[in-house]
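The residues making up each chain are set out below.
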Amino acid sequence: MEAVRFEHVKYSYREDESEYAVNDVSLSVEEGEFVAILGRNGSGKSTLAKLINALLTPTSGKVSVFGLDTSDEKQTFAIRKSAGMVFQNPDNQAVASIVEDDVAFGPENIGVPREEIGKRIDFALNAVGMQDFRNAMPSRLSGGQKQRIAIAGVIAILPKIMILDESTAMLDPQGRREVMAVVKKLNREQGMTVILITHFMEEALQAERAIVMHRGEVVMDGTPEHIFSHSDALETYNLTLPRAAYICKKLQAAGMPIGEAFTAEELAEEICKSLQKG
Amino acid sequence: MLNDVTFGQYYPAKSFVHRLDPRAKILFMIAYFVAVFLAKNFFGLAAVTLFLLFAVFMSRVPFGRVLRSVKMILFLIIFTGILNLLFYSGELTYEPLVQWWIVTISYESIVQTVFLSFRLFLIVMGTSILTLTTTPVALTDGIESLLKPLMYIKVPVHEVALIMSIALRFIPTLIDETNRIVAAQKARGADFETGGLFKRAKAMIPVLFPLIVSALRRADDLGDAMEARCYRGSKGRTKYKKLVLTWRDLLGLLFFAALIAGIVLLNIYFGGKFDILHYFMGG
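The shown structure was predicted, so the numbers you read here are calculated from the model rather than taken from an experiment. (Residues numbered from 1 in each chain as written. Chains lettered and ligands numbered in written order. Predicted model: local features only at pLDDT ≥ 70, side-chain atom pairs only at ≥ 80, totals over all residues. Heavy atoms only, no water.)

1. Structural notes on the overall build of chain B
Per the secondary structure count, chain B includes 11 helices and 2 strands. Listing every helix and strand of chain B by position from the N terminus yields α-α-α-α-β-β-α-α-α-α-α-α-α. In terms of overall dimensions, chain B is more spread out than a globule: its C-alpha atoms have a radius of gyration of 25 Å, far above the 19 Å expected for 283 residues. Along the longest, intermediate and shortest principal axes, the C-alpha atoms of chain B span 75 × 55 × 40 Å. Buried positions account for 39% of the 283 residues belonging to chain B. For chain B, restricting intrachain contacts to residue pairs at least 6 apart in sequence, the fraction spanning at least 24 positions comes to 77%. Just so you have it, chain B exposes about 16,700 Å², and 70% of that area is on carbon and sulfur atoms. (Helix = DSSP H or I, 4+ residues; strand = E, 2+ residues; numbered from the N terminus. Rg over C-alpha atoms; globule rule 2.2 N^0.38 Å. Buried < 20%, exposed > 50% of the residue type's maximum accessible area, 1.4 Å probe, protein only. Contact = heavy atoms within 4.5 Å. Areas by Shrake-Rupley, 256 points an atom, 1.4 Å probe, with all protein chains shown as cover.)

Structure follows, in structure tokens:
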């Protein structure tokens, strides 16, 4: 089933529409997909994210989530129930001083009965591996842990889509790994549709599909491998290759007979193979 | 400059007082105030003091910790005490001790001063037992629940309570932020430690502006995050945590009822606060 559909969507932050943050974007995301949206600062990727759950509504064109039009205010609540969103700053998302109260916030808003909320908190904290922190204070947690709590807060609403708007950008490498592991698990084990907005190319490699945005437009759309094998095109959009892919390309250019590799593991394997041959 | 997140003064423990329902504790506090103001003589205040000591004992908060809260308003107690001592203008039965210019010190004004200072002291001690044994979050929940009837006259009780709890939640975040800004300004040569009060206050301006700007940005982010989590006001909202009254609250109620009854009896039996003067002065 189609989870998200953009039809010729334009969005402008300016009244006179002299500049579009999102310019004539058409795309569709299937339920259960793991899509990474790449782009440099100002490419319109965050605007795209906010258009999905009706935090913004298109200036022209149409966005629909499971067939519901985001421009229809009567549908806003239903859309937000099915499309949850985690933001960039881990400090600015929690509403309560205690973890379980914060996770309860979403279910409370949609009117879940009390006993059921307790179960959902268990479920959500387990899903992000934070079950031991139920009574902790978010302010004492690390950035990665705070983001996992923010994800749990979204999971507790039981959405079908999870949008992560640069949710790893402010984290250290450890926190980034924690969050990515949780997101991948949600996608694999619960079939959650994931839309991951990022400027870390390594993270895009974990997705099934990558979309590159540039100046408000979708300029590339395909598997991460497909996209990273077009390094020249990426360069024009001011994006770099994942480090391993970059080294691989340099080695190839220097005359080493190795195949394509995108992750460190793949690269190591390719190098070993070529050494054994030689 | 600003220390850890020990905002409020909650003292964690698992005592009888800690486990009372926050709503009950707030109402008990009001009952306690009534008792303090109802007491007409020193015997009444002594009874309240005994009750207070009992409450401190039951709360398992070290007595020194409770006493520390008085330190903060010691100045106020002394100030009002001096005013009372010098400018008491009630009826005098006995000859004044000192009469000079507009100042009069009399037996009555001494009694009055001791009595009022004692009262103020008891009130501060009592209030601090409430804040020492109740987390700010529980207090907010309690206030929200108690004010619920006001919803019928269109007071936005839920919204106000949410604002209060969000404010509490952001205190540690904003303290961190302040420390960061102070460090950044110091690194650029700002001086917060020397100079008079005025100069130091002025040095805080470059800290306050970035802090306010960042707080507004955080508010924006939080608004988005709340909307994304389906927040739309109190409409159709459920609540996860429910406050429940237990036998402890009932027992507490009995204690406070006994206190007030005792005060009333002492008032009838021993009369007003100045009657003690008859005892010392004769007549």
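2. Here's the deal with the domain arrangement of chain A
All names here are of chain A. Along its sequence, chain A is organised into domain 1 (2-239) and domain 2 (242-278). Centre-to-centre, using C-alpha coordinates, domain 1 lies 33 Å away from domain 2. On the side of domain 2, 6 residues touch domain 1, which itself brings 7 residues to the contact. Taken together, the two surfaces of domain 1 and domain 2 that pack against each other cover about 560 Å², and 73% of this comes from carbon and sulfur. Joining domain 1 to domain 2, the criterion identifies 0 salt bridges. When residues of the side of domain 1 that touches domain 2 are traced back to their parent elements, those giving at least two are α7 (201-204) and α8 (224-228). Within the side of domain 1 that touches domain 2, the residues separate by chemical class into 3 nonpolar, 2 polar and 2 charged. (Domains from an automatic or database assignment. Buried area = accessible area lost by both parts, 1.4 Å probe. Salt bridge = Lys/Arg side-chain N within 4 Å of Asp/Glu carboxyl O. Nonpolar A, V, L, I, M, F, W, Y, C, P; charged D, E, K, R; others polar.)

3. A few points about the pattern of salt bridges
Inspection of every chain in the model, using the stated rule, returns 23 salt bridges over all chains. For A:Arg134, the salt bridge identified is with A:Glu100, shortest N-O distance 2.8 Å. Taken together, the positions of A:Arg134 in the loop between α4 (114-127) and α5 (143-155) and A:Glu100 in helix α3 (residues 99-109) put the pair 34 residues apart, joining distant regions of the chain. The exposure classification of A:Arg134 matches that of A:Glu100, with both residues buried. The partner of B:Arg180 in a salt bridge is B:Glu177, with the nearest N and O atoms 3.2 Å apart. Here B:Glu177 and B:Arg180 lie together in helix α7 (residues 157-187), a separation of 3 residues that amounts to about one turn. Of the residues examined, B:Glu177 reaches a relative accessible area of 11% and is grouped as buried.

4. A closer look at the sheet that holds strand β8 (residues 193-198) of chain A
All names here are of chain A. An order of β6-β7-β8-β3-β9-β10 is seen for the 6 strands of this open sheet, with the pairing classed as mixed. Only two strands of the sheet have a single partner each, and these edge strands are β6 (83-86) and β10 (217-222). Within the sheet, the average angular offset between the axes of one strand and its neighbour, ignoring direction, is 20°. Examined bridge by bridge, strand β9 (residues 209-214) and β10 share 5 bridges and lie antiparallel to one another. Following the sheet pairing, Val-212 is matched in β10 by Met-220. (Pairing = 2+ DSSP bridges. Axes fitted to C-alpha atoms, helices over the stretch in contact; angles between N-to-C directions.)

5. A word on a negative patch on the surface
Residues and elements named next belong to chain A. Taken together, the side chains of Glu-225, Glu-265, Glu-266 and Glu-269 present a region of like negative charge at the surface. Counting residues per element, the negative patch draws most heavily on helix α11 (residues 264-277), which supplies 3 residues. Relative to the elements of secondary structure, Glu-266 occurs in helix α11. (Patch = residues over 30% accessible without salt bridge, like charges linked within 9 Å, V, L, I, M, F, W, Y side chains within 5 Å. Lys, Arg positive; Asp, Glu negative; His and termini not counted. Charge placed at Lys NZ, Arg CZ, Asp CG, Glu CD.)

6. Considerations on the side chain of A:Ser82
Residues and elements named next belong to chain A. Tracing the backbone through its elements, the reader meets Ser-82 in helix α2 (residues 76-82). By relative accessible area, Ser-82 is classed as buried at 11%. Apart from the residues within four sequence positions on either side, Ser-82 is in contact with Val-65, Phe-66, Pro-159, Lys-160 and Ile-161.

7. Notes on unusual backbone geometry
Here the phi dihedral of A:Ala54 falls at roughly 65°; this positive angle occurs in a residue that is not glycine. Positionally, A:Ala54 belongs in the loop between α1 (45-52) and β4 (60-65). Unusually for a residue other than glycine, B:Arg60 sits at a positive phi of about 60°.

8. Looking at the state of the cysteines
Simply put, disulfide is the name for a covalent bond between the sulfur atoms of two cysteines. According to the stated counting rule, one finds 0 disulfides over all chains in the structure shown. Here A:Cys272 stays unpaired: no disulfide links it, and the sulfur of A:Cys248, its closest cysteine neighbor, is 13 Å away. (Disulfide = S-S within 2.5 Å.)

9. Considerations on the interface of chain B and chain A
Accessible area lost when the parts come together is the quantity often used to give the size of an interface. With 31 residues of chain B in contact, the opposing surface of chain A contributes 38 residues. Summed over both sides, the interface of chain B with chain A buries roughly 3,100 Å², with 52% coming from carbon and sulfur. Between B:Arg237 and A:Glu108 there is a salt bridge, with its nearest N and O atoms 2.9 Å apart. Run the count over chain B and chain A and you get 19 residue pairs in polar contact (both at pLDDT 80 or more). Only α7 and α9 (205-228) of chain B provide two or more residues apiece to the side of chain B that touches chain A. (Polar contact = N/O pair within 3.5 Å; in protein donor to acceptor, adjacent residues only side chain to side chain.)

10. Here we look at the domain arrangement of chain B
Under the domain assignment, chain B is made up of domain 1 (22-136 + 244-281) and domain 2 (145-228). Each of domain 1 of chain B and domain 2 of chain B was reduced to a C-alpha centroid, and the two centroids are 36 Å apart.

11. Quick word on the sheet that holds strand β2 (residues 22-30) of chain A
Residue and element names in this part refer to chain A. What the 4 strands build is an open sheet, ordered β2-β1-β4-β5; its pairing is antiparallel. Both outer strands of the open sheet, β2 and β5 (68-69), are each paired with one neighbouring strand and no more. For strand β1 (residues 2-11) and β4, the ladder comprises 5 bridges, and the chain directions are antiparallel. Its bridge partner lying in β4, Glu-7 is registered against Lys-62.

12. Points about the side chain of B:Ser69
Structurally, B:Ser69 is set in helix α3 (residues 63-72). In contact with B:Ser69, other than residues within four places in its own chain, are B:Gln9, B:Val124 and B:Ser128.

13. Points about the packing of α3(B) against helix α5 (residues 107-133) of chain B
Two measures define how a pair of helices packs: the angle their axes make with one another and the distance between the axes. Residues and elements named next belong to chain B. Running from N to C, α3 and α5 cross one another at 120°; their axes reach a closest spacing of 9 Å. Judged by the inter-axis angle, α3 sits oblique to α5. The two elements α3 and α5 cross, and the hand of that crossing is right-handed. Of the residues in α5, those in contact with Phe-63, Arg-65, Val-66, Leu-67, Ser-69 and Val-70 of α3 are Phe-121, Val-124, Met-125, Ser-128, Ile-129 and Leu-132. Within the contact of α3 with α5, the residues separate by chemical class into 9 nonpolar, 2 polar and 1 charged. (Parallel < 35°, antiparallel > 145°, perpendicular 65-115°, else oblique. Left-handed = near helix turned anticlockwise from the far one by under 90°.)

14. What about the pairing of β6(A)?
Consecutive side chains along a regular strand alternate between the two faces of the sheet. Residues and elements named next belong to chain A. A two-sided burial pattern is seen for β6, the buried positions comprising Ala-83 and Met-85 on one face and Gly-84 and Val-86 on the other. As judged from the 4 bridges shared by β6 and strand β7 (residues 161-165), these two strands associate in the parallel manner. Looking at the pairing, Gly-84 lines up with Met-162 of β7.

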